[in-house]
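Chains, contacts and geometry: an overview
Chain residues, written in single-letter form:
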Amino acid sequence: MFSLINGYIRDMKREFSGYGAAAFGQDALAGTTVAAVALPLALAFGVGSGADAASGLISAIVSAFVIGGLSGASFQISGPTGAMTAILIPLSIRFGFSGVLAAGFVSGILLILAGLCRAGRLVNLIPAPVITGFTSGIAVIIALGQLEPLLGVKSEGAETLKRVYNIFAQGFHPNLYATAVGAAVILILLLWPKKWASWVPGSLVGIVFGAAACSALGLPVAMVGDIPRTLVHDSRLTAEALAGALSQPILVAGTSIAALGMVESLLCGIAGGRMKGEKFDVDRELVAQGLGNVLLPFLGGVPATAAIARSSVAIKSGCRTRLTGLTQGAVLLLSMFLLGPFMSKIPLAALAGVLMVTAWRMNEWNSIKYIFGRKFRWGEAKYLITLGATVVFDLTIAIAAGVFFAVAAFVTKVASIEVTVSEIDPTRLRGKTGPIRHTQVIYVTGPMFFAAMARFEAAIHAAEAEVLIFSMRGVPYIDTSGAQMLWDFCREKQKEGISVLFSALQPRVKEILAQAGIAELVGGDSFFGNALDAIEAAGAKGTSQAQGASEAAGRS
């Protein structure tokens, strides 16, 4: 804890060293630009999470001040995200908004613990195809979850796939006005020029158009509704409600939210750090995310995490310090008080259109094209398995399934150990060594661990000679299974009067063999730097070595 605090103070001094009016102007401009991007997304993600637009806005404002002020980098912009809605939609359907808030609180506690335990580096253990697959799975869930407001219909069911099925199974009667508004917003976002987006985000233009069109034409579509001018929502979490809401499903959902928050925030920080050339403190980021998500439920805000899209906008807009995020929060707070009447008239179909495009764009298309274009079969399998598990199950199971498959694939590939038994021709060594007994060299290449032992055992038992020399230059690692098999093999051969020597051992492998008792069994002078030295030693020792080894085996 003290190291995190000291690191924060040190980073603040570095970040604001030489800070002046010009730098503040850059931060203020960048923060205002980010707020223009964040406003429509906060409203959309609030509604898309099964709550309301006010909850999304509260989350964005509080996150800007709390998480942004304490985050592990100056450029991190946090708030409600599209990825989070994938967990919150089914949770809201099953347990209501109180369940969402309770799970958000649980996730905050878990994130704080993860940061204090320095667990942030675990995200580096997740393979890239798994992250890409679960991101695509989230995109599918978001898109499916927005079919109801986009079509202007209501469905039933506790799961996203079930609700989509019921839309069509119960009779398909869409509100064509809502569909038209949503489709128009989608077209605006897709056709909006990129050079204009740096000044006016297409999402903001889309919802303004949708609201204006519905008001002018009096279209019968569902609206966002009243936006309260307060940071304390009427449906906020209370201590009594929290105690009653905590249950095994809520704890599981909280774990999923924490896992997603960890992955999304840390990946955002790593990517942003590369863009800005700034060091990113992963553990402090997790603590900041946790503190924000512990506070948000008691104000009525949906869970938040760092957002790569908004963070990249901040960096590209000239972000100098974390005052960019604080400025964004201040602009959003003013918008709540000044633009509340307008925001209440935004059609839900317009927000659904924004989320549909967000779902499409959040796919890592370059990574997907690379994986499938280069025909990485194992990578394709990891991507598809994680995507399918994300849509059918939940994000925690999806990541676990993807990582498990990746580990299984890795073990399968590295288990292909190569073992070659080579006869030593005495005539080719004439003049270089003394008399040569019948000798074979067993060349081993690859890690010797449990998954490779069946093949290794079959190969070494096929060797038959008076002297067997293991050449293990190509063995980077040996585990307990490999060491025990070698020990049994050496003991068996010594009883038969056969000498077993080792050459070209890596330092770590030599240490493990000594720890396993093999050096004591065959003799410390049986380890050589190369096979030729071992052959020469075997010839010099002659028959006496074999007899001595046999006696040692008998005593053991």
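Residues numbered from 1 in each chain as written. Predicted model: local features only at pLDDT ≥ 70, side-chain atom pairs only at ≥ 80, totals over all residues. Heavy atoms only, no water.

1. Notes on the overall build of the protein
Within the protein, the regular secondary structure consists of 25 helices and seven strands. In terms of overall dimensions, the protein is more spread out than a globule: its C-alpha atoms have a radius of gyration of 32 Å, far above the 24 Å expected for 556 residues. Counting only C-alpha atoms and orienting by the principal axes, one finds that the protein spans roughly 105 × 65 × 50 Å. Buried residues in the protein amount to 52% of all 556 residues. Put simply, 83% of the contacts in the protein that link residues at least 6 apart link residues at least 24 apart. Just so you have it, the protein exposes about 24800 Å², and 63% of that area is on carbon and sulfur atoms. Of the side-chain charges in the protein, 42 are positive and 34 negative, and the distance between the mean point of each set is 9 Å. (Helix = DSSP H or I, 4+ residues; strand = E, 2+ residues; numbered from the N terminus. Rg over C-alpha atoms; globule rule 2.2 N^0.38 Å. Buried < 20%, exposed > 50% of the residue type's maximum accessible area, 1.4 Å probe, protein only. Contact = heavy atoms within 4.5 Å. Areas by Shrake-Rupley, 256 points an atom, 1.4 Å probe, with all protein chains shown as cover. Lys, Arg positive; Asp, Glu negative; His and termini not counted. Charge placed at Lys NZ, Arg CZ, Asp CG, Glu CD.)

2. A few points about the sheet that holds strand E6 (residues 499–503)
Read across the open sheet, the five strands follow the order E3-E4-E5-E6-E7; overall the sheet is mixed. One side of each edge strand has no neighbouring strand; the edge strands of this open sheet are strand E3 (418–423) and strand E7 (527–528). Here six bridges tie strand E4 (residues 439–445) to strand E5 (residues 467–474), and the two strands are oriented parallel to one another. Across the sheet, residue Thr445 finds its bridge partner in E5, namely Gly474. Sheet strands touched by helix H22 (residues 480–495): E5 and E6. Its angle to E5, the strand with the most contacts, is close to 160°. (Pairing = 2+ DSSP bridges. Axes fitted to C-alpha atoms, helices over the stretch in contact; angles between N-to-C directions.)

3. Some details on the nonpolar core
Core analysis: the biggest nonpolar cluster contains 92 residues, and Leu57, Leu91, Phe134, Ile138, Leu260, Leu332 and Ile346 have the highest contact counts within it. Element by element, the count of residues in this core is highest for helix H4 (residues 82–116), at 15 residues. Contact partners of Ile346, with chain neighbours within four places excluded, come to Leu43, Ile207, Ala211, Met223, Val224 and Leu351. Judged by nonpolar contacts, the second largest core, of 33 residues, contains Ile442, Ala465, Ile498 and Ile518. (Core = buried A, V, L, I, M, F, W, Y, C linked by side-chain atoms within 4.5 Å.)

4. Some thoughts on the environment of Ala30
By secondary structure assignment, the location of Ala30 is in helix H2 (residues 21–48). Linking Ala30 and Met453, residues 423 residues apart in sequence, is a C-alpha distance of 59 Å.

5. Examining the packing of aromatic side chains
The final tally for this structure, using the stated rule, is twelve aromatic pairs. Seen in terms of ring centroids, Trp192 and Trp196 are 5.3 Å apart; in terms of plane orientation they differ by 75°. Their pairing is edge-to-face. Arranged with centres 5.6 Å apart and planes meeting at 40°, the rings of Tyr370 and Phe376 form a pair that is tilted. Using a relative accessible area of 47% as the deciding quantity, one classes Tyr370 as partly exposed. One aromatic cluster in this structure is built from Phe456, Phe470, Phe489, Phe502 and Phe527. (Phe/Tyr/Trp six-rings, centres within 6.5 Å; stacked < 30°, edge-to-face > 60°.)

6. Here's the deal with the confidence of the model for the protein
Atomic detail in the predicted coordinates should be set aside for any region of low pLDDT. Residue-level pLDDT values for the protein average 86, and 94% of them are 70 or greater. The least confident element of the protein is helix H25 (residues 531–555), whose mean pLDDT is 54; the most confident is helix H13 (residues 282–295), at 95. Within the model, pLDDT remains below 50 along residues 542–556, and this stretch shows 17 contacts once partners closer than five positions in the same chain are excluded. (pLDDT = per-residue confidence, 0-100.)

7. As for the state of the cysteines
The final tally for this structure, using the stated rule, is zero disulfides. Left unpaired, Cys268 is separated from the closest cysteine sulfur, that of Cys319, by 11 Å. Under the relative-accessibility criterion, Cys268 is labelled buried at 2%. (Disulfide = S-S within 2.5 Å.)

8. A look at the pattern of salt bridges
Opposite charge on two side chains permits them to pair, given that their charged atoms come into close proximity. Applying the stated rule across the entire model yields eleven salt bridges. In this structure, Arg14 and Asp11 form a salt bridge, with 3.8 Å as the shortest nitrogen-oxygen distance. With Arg14 and Asp11 both in helix H1 (residues 2–15), this residue pair falls three residues apart, about one helical turn. Among the salt bridges present, the one from Arg163 reaches Glu148, with a minimum N-O distance of 2.8 Å. Highlighted residues: Arg163 in helix H7 (residues 160–169) and Glu148 in helix H6 (residues 147–151), separated in sequence by 15 residues. You can call Arg163 buried: its relative accessible area is 15%. Connected through shared salt-bridge partners, Asp11, Arg14, Asp281 and Arg284 make up one network. (Salt bridge = Lys/Arg side-chain N within 4 Å of Asp/Glu carboxyl O.)

9. A look at unusual backbone geometry
Look at Arg118: it is not a glycine, yet its phi comes out positive at around 55°. Within the secondary structure layout, Arg118 lies in the loop between H4 and helix H5 (128–145). Residues other than glycine seldom take positive phi values, yet Ala504 does so here, at roughly 55°. Along the chain, Ala504 falls in the loop between E6 and helix H23 (507–515).

10. What about the environment of Cys490?
Among the secondary structure elements, Cys490 is positioned in helix H22. Residues Cys490 and Leu501, eleven residues apart in the sequence, show an inter-C-alpha distance of 9.1 Å.

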